[in-house]
Amino acid sequence: MSGANRIAGAGRLTPAKTVRFTFDGDIYTGLEGDTLASALIANGVHLMGRSFKYHRPRGVLGAGSEEPNALMGIERDKARKQPNVRATVQEVFEGMTAVSQNRWPSLGFDVGAVNDLLSPFFAAGFYYKTFMWPKAAWQKLYEPVIRAAAGLGVSPDEADTDHYTSRYIHCDVLVIGGGVSGLSAALAAARTGASVIICDEQAHAGGAFAYEAGVTMNGEPGFDWAVAAANELAAMDNVRVLTRTTAFGYYAQNFVGLAERVTDHLADPEPQQPRERLWQVRAKKVILATGAIERHMVFANNDRPGIMLSSAARKFLNHYGVAVGTKVGVYTANDSAYETAFDLKRAGVSVEAIVDCRDHPGEGLLERAADLNIEVLTDHSVINTSGARRISAMTVKRNRGGAGRSIAVDALIMSAGWTPSVHMFSQSRGKVAWDADTQRYLPGEYAQDCTSVGACNGTDDLQATIDEAVAAGLAAGKATGGKRAAKPKLAGSGAGNWSGGMAGSAAGAGPDTTVKAFVDFQNDVTAKDIRLAVREGMHSIEHVKRFTTNGMASDQGKTSNIHGLAIAAEALGRDMPEVGLTTFRPPYTPVTFGSIVNHGRGKLFDPARKTPMHGWEEEHGAVFEDVGQWKRAWYYPRAGEDMHAAVNRECRTVRAVAGLFDASTLGKIEVVGPDAAKFLDLMYTNGWQKLKPGRCKYGIMLREDGFIYDDGVVARIAEDRFHVTTTTGGAPRVLNHMEDYLQTEFPELDVWLTSTSEQWAVIAVQGPKAREIIAPLVEGIDLSNEAMPHMSAREGKICGVPTRLFRVSFTGEAGFEVNVPADYGRAVWEAIWARAEPLGACAYGTETMHVLRAEKGFIIVGQDTDGTVTPQDAGLSWAIAKSKPDFVGIRGLMRPDLVAEGRKQLVGLKTKDPKTVLEEGAQIVADPNQPVPMKMLGHVTSSYWSENCGQSIAMALIADGRARAGETLYVPMPDRTIEVEVTGTVFFDEKGERVNG
Amino acid sequence: MLLIYCPYCKEERPEIEFRHAGEAHIARPTDIKAISDEDFEGFFFIRSNPKGIAFERWRHVHGCGRFFNAVRDTVSDKIIMTYEAGKPRPSDEEIQARLKELAL
Amino acid sequence: MRKYSIFAVAREAMRGHKGWPQQWTSPEPKKQYDVIIVGAGGHGLGTAYYLASQHGITNVAVVEKGWLGGGNTGRNTTIIRSNYLYDESAALYNHAMKMWDGLSQELNYNIMYSARGVMMLAHNVHDVQGAQRHIHANRLNGVQNEWLTPEQAKEYCPPLNISRTARYPVMGAALQRCGGNARHDAVAWGYARGAADRGVDIIQNCAVTGIRRAANGAVEGVETTRGFIGAKKVGVVAAGHSTVLMDMAGVRMPLESYPLQALVSEPVKPVFPCVVMSNTVHAYISQSDKGELVIGAGTDQYTSYSQTGGLHILTHTLDAICEMFPIFSRMKMLRSWGGIVDVTPDRSPILARTPVPGLYVNCGWGTGGFKATPGSAHVFAHTIANDAPHPINAPFTLERFRTGRLIDEAAAAAVAH
C-alpha cells in the first residue's frame, strides 16, 4: 500500500511498483515516480518543514521547483548528505533517507516555535534596532544565537565522494521548457533540420499537461501527446532532449548554463555515473518556453500544512494519484482553481466550498460547480485558518460585512493567479514590461537573440500558444540554416483560462490589520512586514526586499515577488510598475557547486607543470615547491636530514665540488630576425648591438613606468638570433610584453618571437669540478677558460644530442648551463649525474640556489624587487645603457619620485650575532625604542643561513640604504630586537674570481 | 563568456582564447624621453573607461597570438566589430552602420 | 530621530510597529546646497553624515541615480580588514577599522560588525614571504596580524583542507582577528538615517547629467534629471561610474571599471566561523548571519558597466572554494550577481581634491572599498569641509600618477620568481 490517500485509478504511477523510504526515521511506502512530497502526502504527512524565522509548521506549497517550504535533508551516506532538497522535486527511490530541518528536538515539537509567540518583537528589520548594548555582546551573545537559529539544513561535513561532469555544446536552437509551448517549438524547429536542444527541469516533459486533465492535443490526452512528442524528438538525430535539466543562467551572447540531475533519483547509481552534468550551451537562437507559476493568496495564517497552490493539488491528484485531503476548501481569485476542485470532486474527494473573492467567476464555472454539487461562495474571502500541525478549518466571510463562518477542512487549495516566468528572459538582459491589461510583467525589449512563447509570454489561450511556439520554432530553425519544413499540425483544446487574478493582500490582511499573512513563506515575510518597510522609508522595491528579505529565500521569490511588489505599491499609493521590480539573478534554481566545478578538482584544479627531470628528482628524494604552476625540486634531503641540514650540505658541496640543478623552468624565448638586436635594445635597459655571437649578457627589463619587470641572461647565438631567458613565473607575461611592443609599437622591426620554454631542458652544472664533469660528454666545443670564458655560449653536442651550452653562473662558481632538447633532458641529466656523483657532487634544489645566489648578491626579481623597484634602487645602474635613445621604461625612470632622494635601495645586512637568521619580510628601523606606529626604513627581502660564510646573510631594501653602509639598524621582532649592520650585497668571493676558475 | 571574432583567424572564438589588453589607440609617443610628466601620466595612466562604445585591444593569445582592436559596448558587453592592429579607429558612421547590421 | 533600542522595539511590538518613523525622507531637491555628494553608497552617505556631525555642515544633498546603497555597497562580500602593507594604506584602513568598532553605537543602528577574524592563506614560499612582510609591517604600524601554521589555521577554520597533497597545499595563514564582516545594507541605511536626521537631503532616483562650472573653472553645481542643483562644493563618490562623472567636469581619471561577481549559497546552519581569503587560488568566503556562504569571485578581464560577468569566472572561484573546502561541493549556489569596481593603476584609492576648485573625488577602491567605508567617509568629509586633506588621506592624491609616488599594494604582492 503506497499511502491511504492514494486514489485508485487516478494518476500515472504504477501501483505495483512500490518503493520504501524513511522520513525522520519512520518508514513509508511510495510509488516509483513519486516525488518525496507526493509520497508523503499519499501517506497523510503534510508537516514537512519549519519556517526560517518563526519555526512555523509547514507543508508543501507547490509541486515543483518553486517550493519554499518542504525542504529536507537527503542522506545517502556520511559523505553524501544533501541539505535543503525540495521534496516536490526530489524523486523517491528505494531506501531513501529523508530528514526534516531547522527544528529541535523534532519536527512535531520544535522549541524554536517559541519565536512565533514572540513574533511581535521580531518584525522586519528588528535586528537593526537592537542588540547594540552592551557593545561586546553583539559578537559574544546575540550574533551566535541569531546564527544558530538561522540557516536551514546542515552543511555536509565530509568531502563529497560523488563526481560531476560537464559538456560544452553548440546548437542552432535551444528550447528552455518542455511544456506544450516548448515541445511545439522544438518539433517545428527540429523539422527544419536545425540542431535542437530542449530541456526541462522535471523528470518528464509535458509541463502543465501533467495536471491539466481535460486537455487534448490532436484528439489524444494532452500528457500522452507530450510524452509522444518528447519521444519523437528524442528519436531525431538532430535533437537532444534533456529532462531533469534546469536552465539556470543566461549569459552574454546566448550562452546558457544547464544543470542536469543524473543520479539523484536512483537508488543505486553506477559508480561511474556522474551525479550531475553541467551543460554549457552556445545557441544561435533561444526559445524561452518557461511557463508560469501560480501565486498563493495572501491572508491570515495562510501557511498551515495542508494549504497549497491549486495547481499543486491538481498535479498530486492527476499525476501522482494522491488526494491532498478528504475535505478540501478552495480559495481563489481566478478560474484555474475551479478545475482542481472539479477534478478532486470527480475523484471522490469532498470539496467543502469554493471561496472566490470575485463577484463573477469565469463563464460556465458556476454551472459546472453546481453540476458537481460544489458550493461556491463568490464575493467571499478566507480570512483565517486554524489547525496546529495541519489545517483543520477555514474562516470564510463575505467581502463586505457579515459574520465569519468556520468550515472544517483538512486541505485548502488556493490561487491568486499566475506569474509568467520571465526569469531567463530578464537574465538575458531583456527588459520586462508591465502589461496593465493583465496586470503582469511580460517580456518587453529583447537584448539577445531569443523569443518567448506561451505562458511566459503572456499567451493564455492554448491554440494561440501552440501557434506562437510553432512559428517561433520554424523561424528559429530557418534563421539558423534549416530548410523549409512543413508546420507540425497541432490542435489543442480543453485547457482552462489562467488569466486574471490578484496580487497583494487579500481581505482581512489589509493595511489596518496585524495578522500574519505570509508573502514569502520560507523567510516568514508577511504583508505587514512589507508595510512596515514602506513606513520606515523603504520606498524602493530593492530596499523593501533587503529590509524584509522578501524573495531572498532559496526559492528566490518565485511565488512572493509579485505579491510583495503589490503590497509595497499599495502602501506607497503608487502603481506597481512605478515601484519597479527587483532584478532576476542567476541561477533560476540553486545549482550544486560540484556541478559547476565538475572536473576542476584535485589534480585538475590547476595542471601541474613538471620538468623532464621531474621523475629523476622524485626518485632521488627531492621535496618540491610550487612556483606558479611548476613543481620545482626544493631540496634533496638524505636520511636523517631536515631541510636546514640538506641545504647546508648542498651549499657546501656546490662550492667545494659541484652541483646539478634543474633550471628547466626558466622562461626561454627565441628572438630571431635582422632587427633582433635592435628590438632587444628597446625591450631591455642594456645595449645589445655590440654583443658578439657566442657571448651572453645579463639583461634587465622594465615596464614603461620604469620599474623592474623581469631579468635574465640573454645569449647571442648568431647575428640575428638571441636565446633569451626569463624568470620562471615571468615567462608568459614577458613574451606577451614583447609581442605587444613588436606587433603594435614597433611593427617595422623584422623580428620573430618564439616561446621555447618547454623545448629546452636546462641542467646547471656549477662548482669547481663543473668542467671536469661535463667535459668527456661534450663534443665539438672547447671548454677551456680561454676558448669559452664566463658569459659565453656555444652550440655543439653533449651525449650525442644537440646542445646550447652556456658558460654562466648564478652561484658565483664556474659553471655551465646545458640546454638540450627537452626529450633528452633526463638522459643527459643522468649521464652528467653518472659523472658527477663519483666526484662527490650533489643535486641541489631551489633553496640552495637561493642561498648561493644571495651569497653573491644576485637578486631574484619578485623577491628582492616587488614592482616598485628601479634598476638604480636594486644597484643595477650599470645595466642601463646610457647612450640608447630609447627603451621601454626610459621615460618612467625620469619621473620626479623615481629620481627623488630617500628611495629604498638594495643593500646587504649582517646580524650582529652571526648565528641569528633574520626573517624574510622583517621590517627595519633606525630607532627600536620609538612608539608604534614606527618609522620603518625598509624590509628584509632575502635571508639565509650561509654555511659557506659561516654566518647569516640577508638582503634588504632600505631607504637611502647605500649611504648607510656600516650603520647599525634594528629589526624589531615580537620577542626581541635584532641588531644589524648595513653591508654590501656580496658576501662571498667579493672579488668574483671563482667564476673564472 | 564572450564570443570574439579574431580578424586574423577570421573566426569567432570563445573569450577564454583571448586576453584583454586595455584601451586601444594609445600610441607610445615617438620621442617618449622628451615628453612632460603630465603627458607621460596621460599616456600610461589615464584611461577613457567609457560607459558605452569602447575601443579596446585584445590578443588572441591561445590562437594566432596577434593583437587586434575591438569596438565594444561596455553597457551590453556586445562586441560591435573587431579590426587589425594599426588600422584607424572606426568612425561613428561605420559603428552605427555595423550596429544596424547587428540589429537585423 | 527616534532612538532605537530594545525598549523601543518592545514598545512598538505592543502596537503593531505602527509608530516607527521613516529612517530617511525623500525630499525634493532644493535649489542650492553647501555641499552635494554624488552617489549614495556607504562612502557617500557616510561623507554626508560626517559633514553634518563633525563639521556642522548640514545643508548637504546626497544625489543618487538609483536607490541608496544599491551599488557596490549592497553588492560586496562585506569583508573588513586593515592588514595592508604600506604605511599610508595601513593608516587609512586601520582608521576605518577603529571606527567599525563602535559604529553601531555611533549611528544607533546595528550594522552587525562581527570581528570573527580574516584569515589570508599562503600556498607557496612566495606567499609566505609576502604574508610575513605584511605581518611585520603591520605589527610596527600597530595593526593586528599574526601568523598561523596550517594546523592553527585549521583549528581556527575547521572546514579548511590542509592536506599536504592538495594541489596548492596551505603553508600557513595570516590572521587578523579584528577583521570580519558587517551588514552592508545596514551601513548604508544607518548613515542615511543619521545624515537625514541631521538635515541632509537624500535625493534618490536623480541622476547627475552634468557638472556645471563657472567662468573661473570652479564648481557651481550639478545638472540632474530633476533639474539643476547648485553647490560650491561637489564630492563625487560614484565607484564604478567615477570616470563618467569626472568626465562631466573635464577631469580625466586613471581608472578602469571592471565587473566583479559574487555569489551566495543556500543557507545552512553555522559551519564557517570566519573569513578566509586566498589570493593565490582566488577565493574569498565567509558565512552570513542568515547562514548563506558568501563567496567573492574575481573580476572579468574586460572593462564593463554591465553588472554581469561570465560563468567561467564563477566557475574558477568555486573550483578554488571546493579545493580548499571539499565539504562544500554539495552546497548550492543560490544567487549570483555583479558589481562595477573602479580600479586604479596602483590598486589604491583616490581621496582628494581635484584640479577643479570645489570638486572632490573619492574613488578607485577596486574590489575592497567596503572595509574602508567609515574611515574613507570620515577623512573625505574633512577634505571637503576644509578644502584640504586629512593627514590620513593626504597621500591618496590624483597627482601621484604624475610624480610616480604610488602606493602600490598590488606590486607589493608581485608574482613569483
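Look up: the structure comes first, before these words.
Here we summarise the structure given alongside this text. All figures in this text were calculated on a predicted structure; none of them were measured in a lab.

### Quick notes on the overall build of chain C
Next, step 1: Looking only at helices and strands, chain C features 11 helices and 18 strands.
Next, step 2: Considering only C-alpha atoms, chain C reaches an extent of 65 × 65 × 40 Å along its principal axes.
Next, step 3: By the burial criterion, 71% of the 417 residues in chain C qualify as buried.
Next, step 4: Partitioning the intrachain contacts of chain C with sequence separation of at least 6 by distance along the chain shows that 75% fall at a separation of at least 24.

### A look at the overall build of chain B
Next, step 1: Of regular secondary structure, chain B possesses two helices and six strands.
Next, step 2: What you see in chain B, going N to C, is helices and strands ordered as β-β-β-α-β-β-β-α.
Next, step 3: Across its three principal axes, chain B shows a C-alpha extent of roughly 50 × 30 × 20 Å.
Next, step 4: For chain B, the residues scored as buried account for 44% of the 104 residues in total.
Next, step 5: Nonlocal contacts in chain B, meaning residues at least 24 apart in sequence, comprise 46% of its contacts between residues at least 6 apart.
Next, step 6: Working note: accessible area of chain B is about 5100 Å², and carbon and sulfur atoms make up 51% of it.

### Re the interface of chain B and chain C
Next, step 1: Each side of the interface is counted separately: chain B has 24 residues, and chain C has 25 residues.
Next, step 2: Regarding the contact of chain B and chain C, the summed buried area is about 2100 Å², with carbon and sulfur atoms giving 49% of it.
Next, step 3: By the criterion of area lost to chain C, the three top residues of chain B are B:Phe45, B:Asn49 and B:Lys51, representing 30% of everything that side buries.
Next, step 4: Where chain B meets chain C, there are one salt bridge.

### Some details on the side chain of C:Asp408
Next, step 1: With respect to the secondary-structure elements, C:Asp408 resides in the segment after α11 (400–403).
Next, step 2: It turns out C:Asp408 is buried and unbridged, and the closest side chain with the opposite charge, A:Arg703, is 4.5 Å from it.
Next, step 3: In contact with C:Asp408, not counting residues within four places along its chain, are A:Gly867, A:Thr868, C:Tyr86 and C:Asp346.

### Notes on a nonpolar patch on the surface
Residue and element names in this part refer to chain A.
Next, step 1: Where nonpolar side chains cluster on the molecular surface, the patch consists of Trp104, Phe109 and Val111 and spans about 370 Å² of accessible area.
Next, step 2: Looking at where phenylalanine 109 falls in the secondary structure, it is placed in the loop between β7 (96–99) and α2 (114–117).
Next, step 3: The exposure class of phenylalanine 109 is exposed, given its relative accessible area of 54%.

### Details of the packing of aromatic side chains
Next, step 1: Applying the stated criterion across every chain, the model contains 53 aromatic pairs over all chains.
Next, step 2: Plain terms: the ring middles of A:Trp434 and A:Tyr441 are 4.9 Å apart, the flat faces sit at 65 degrees to each other, and that makes the pair edge-to-face.
Next, step 3: Seen in terms of ring centroids, B:Phe18 and B:Phe68 are 5.8 Å apart; in terms of plane orientation they differ by 85 degrees. Their pairing is edge-to-face. Of this pair, B:Phe18 sits in the loop between β2 (11–14) and β3 (19–23) while B:Phe68 sits in strand β5 (residues 67–73), placing them 50 residues apart in sequence. We note that B:Phe18, like B:Phe68, is buried.

### Considerations on empty space enclosed by the protein
Residue and element names in this part refer to chain A.
Next, step 1: Summed over the entire model, instances satisfying the criterion amount to nine cavities of 30 Å³ or more.
Next, step 2: In this structure, the largest cavity spans a volume of roughly 940 Å³.
Next, step 3: Surrounding the largest cavity, 50 residues form its lining, Gly207, Ala208, Thr290, Gly291 and Ala292 being those nearest its centre.
Next, step 4: Elements represented by at least two residues in the lining of the largest cavity include exactly α4 (180–191), β13 (245–251), β16 (292–295), α6 (310–318), β25 (417–420), α9 (423–427) and α10 (462–479).
Next, step 5: Grouping the amino acids of the lining of the largest cavity by side-chain chemistry returns 21 nonpolar, 20 polar and nine charged.
Next, step 6: Considering the residues around the second largest cavity, the lining is formed by 15 residues, among which Gln556, Asn561, Thr583, Phe584 and Arg585 are closest to the centre.
Next, step 7: Among the residues forming the lining of the second largest cavity, the class breakdown is three nonpolar, seven polar and five charged.

### Description of the state of the cysteines
Residues and elements named next belong to chain B.
Next, step 1: Applying the stated criterion across every chain, the model contains zero disulfides over all chains.
Next, step 2: We note that cysteine 6 lacks a disulfide partner, and the nearest cysteine sulfur, in cysteine 64, lies 3.7 Å from it.
Next, step 3: The buried category is assigned to cysteine 6, whose relative accessible area is 0%.

### Observations regarding the sheet that holds strand β49 (residues 938–946) of chain A
Neighbouring strands of a sheet are bound in pairs by backbone hydrogen bonds; such pairs are parallel or else antiparallel.
Residues and elements named next belong to chain A.
Next, step 1: Strand order across the open sheet formed by six strands is β48-β49-β50-β47-β52-β51, with antiparallel pairing between neighbours. Only two strands of the sheet have a single neighbouring strand rather than two, namely β48 (923–924) and β51 (968–972).
Next, step 2: Helix α22 (residues 846–855) rests against β49 and β50 (951–959) of the sheet, and its axis sits at about 110 degrees to β49.

### Looking at the pairing of strand β37 (residues 696–702) of chain A
Residues and elements named next belong to chain A.
Next, step 1: Taken across its seven residues, β37 has six buried, putting it largely inside the fold.
Next, step 2: Pairing analysis gives seven bridges linking β37 to strand β38 (residues 708–718), with the strands arranged antiparallel. Within β38, the position partnered with glycine 699 by the bridge is glycine 712.
Next, step 3: Linking β37 back to β38 in an antiparallel pair, the connection comprises five residues, with glycine 706 at a positive phi of about 95 degrees.

### Some thoughts on the sheet that holds strand β18 (residues 327–332) of chain A
Residues and elements named next belong to chain A.
Next, step 1: Taken together, five strands build an open sheet; the order of strands is β17-β24-β18-β19-β20 and the sheet is parallel. Because the sheet does not close on itself, it has two edges, and the strands there are β17 (307–309) and β20 (376–378). For this sheet, the mean inter-axis angle between neighbouring strands, taken without regard to orientation, is 20 degrees.
Next, step 2: Inspection of the sheet shows β18 paired to strand β24 (residues 411–415) by five bridges, in the parallel sense. Note on β24: the bridge partner recorded for tyrosine 331 is methionine 414.

### Regarding the pairing of strand β19 (residues 350–356) of chain A
Residue and element names in this part refer to chain A.
Next, step 1: When you tally the buried positions in β19, you get five out of seven residues, the bulk of the element.
Next, step 2: Of the strand pairs in this sheet, β18 and β19 are connected by six bridges, and their pairing is parallel. Bridged to lysine 327 within β19 is serine 350.
Next, step 3: Note on the crossover from β18 through helix α7 (residues 336–346) to β19: the handedness is right-handed.
Next, step 4: Across three bridges, the pairing between β19 and β20 is parallel. Paired with aspartate 356 across the strands is threonine 378, a residue of β20.
Next, step 5: Regarding topology, helix α8 (residues 365–371) serves as the crossover connection from β19 to the parallel β20, and that connection is right-handed.

### Describing the interface of chain A and chain C
Next, step 1: Residue-level contacts link 121 residues of chain A with 108 residues of chain C.
Next, step 2: The largest per-residue losses of area from chain A upon contact with chain C belong to A:Arg147, A:Phe593 and A:Phe605, which jointly make up 9% of the total buried on that side.
Next, step 3: The interface formed by chain A and chain C includes 10 salt bridges.
Next, step 4: A:Arg147 is the salt-bridge partner of C:Asp289, the closest N and O atoms lying 3.7 Å from each other.
Next, step 5: On the surface where chain A and chain C come into contact, there are 55 residue pairs in polar contact (both at pLDDT 80 or more).
Next, step 6: Across the side of chain A that touches chain C, the residue classes break down as 55 nonpolar, 35 polar and 31 charged.
Next, step 7: Both strand β32 (residues 591–592) of chain A and strand β16 (residues 332–343) of chain C contribute to a ladder of two bridges, which runs antiparallel. Looking at the pairing, A:Val591 lines up with C:Met333 of β16(C).

### Some words on the pattern of salt bridges
Any two side chains of opposite charge can pair, on the condition that their charged atoms come close.
Next, step 1: Applying the stated criterion to the full structure yields 82 salt bridges over all chains.
Next, step 2: Between A:Glu375 and A:Arg405 there is a salt bridge, with the nearest N and O atoms lying 3.0 Å from each other. Of this pair, A:Glu375 sits in the loop between α8 and β20 while A:Arg405 sits in strand β23 (residues 405–408), and the two are 30 residues apart along the sequence.
Next, step 3: Accessibility expressed as a relative area gives 36% for A:Arg405, which makes it partly exposed.
Next, step 4: Note that C:Glu28 is salt-bridged to C:Arg226, the shortest N-O span being 3.2 Å. Residue C:Glu28 is found in the loop between α1 (6–14) and β1 (32–38), and its partner C:Arg226 is found in the loop between β10 (219–224) and β11 (227–236); the two are separated by 198 residues along the sequence.
Next, step 5: Since its relative accessible area comes to 58%, C:Glu28 is described here as exposed.
Next, step 6: C:Arg226 gets classed as partly exposed once you look at its relative accessible area, which sits at 31%.
Next, step 7: Because the salt bridges share partners, they merge into one network encompassing A:Arg56, A:Arg58, A:Asp116, A:Asp303, A:Lys516 and A:Asp524.

### Focus: the nonpolar core
Next, step 1: Within the largest apolar cluster, 178 residues are counted, with the highest numbers of intra-cluster contacts made by A:Leu36, A:Phe316, A:Tyr331 and C:Trp100.
Next, step 2: The next biggest cluster of nonpolar side chains, apart from the first, holds 76 residues, and it includes A:Val654, A:Leu893, B:Ile35 and C:Leu245.

Calculation notes
Residues numbered from 1 in each chain as written. Chains lettered and ligands numbered in written order. Predicted model: local features only at pLDDT ≥ 70, side-chain atom pairs only at ≥ 80, totals over all residues. Heavy atoms only, no water. Helix = DSSP H or I, 4+ residues; strand = E, 2+ residues; numbered from the N terminus. Buried < 20%, exposed > 50% of the residue type's maximum accessible area, 1.4 Å probe, protein only. Contact = heavy atoms within 4.5 Å. Areas by Shrake-Rupley, 256 points an atom, 1.4 Å probe, with all protein chains shown as cover. Buried area = accessible area lost by both parts, 1.4 Å probe. Salt bridge = Lys/Arg side-chain N within 4 Å of Asp/Glu carboxyl O. Lys, Arg positive; Asp, Glu negative; His and termini not counted. Patch = residues over 30% accessible without salt bridge, like charges linked within 9 Å, V, L, I, M, F, W, Y side chains within 5 Å. Phe/Tyr/Trp six-rings, centres within 6.5 Å; stacked < 30°, edge-to-face > 60°. 1 Å grid on protein atoms, 1.4 Å probe; cavity = no way out; pocket = protein on both sides within 12 Å on 5 of 7 lines; lining within 4 Å. Points joined across faces, edges and corners; volume = space filled by probe spheres on them. Nonpolar A, V, L, I, M, F, W, Y, C, P; charged D, E, K, R; others polar. Disulfide = S-S within 2.5 Å. Pairing = 2+ DSSP bridges. Axes fitted to C-alpha atoms, helices over the stretch in contact; angles between N-to-C directions. Right-handed = clockwise from strand over helix to strand, strands pointing away. Polar contact = N/O pair within 3.5 Å; in protein donor to acceptor, adjacent residues only side chain to side chain. Core = buried A, V, L, I, M, F, W, Y, C linked by side-chain atoms within 4.5 Å.

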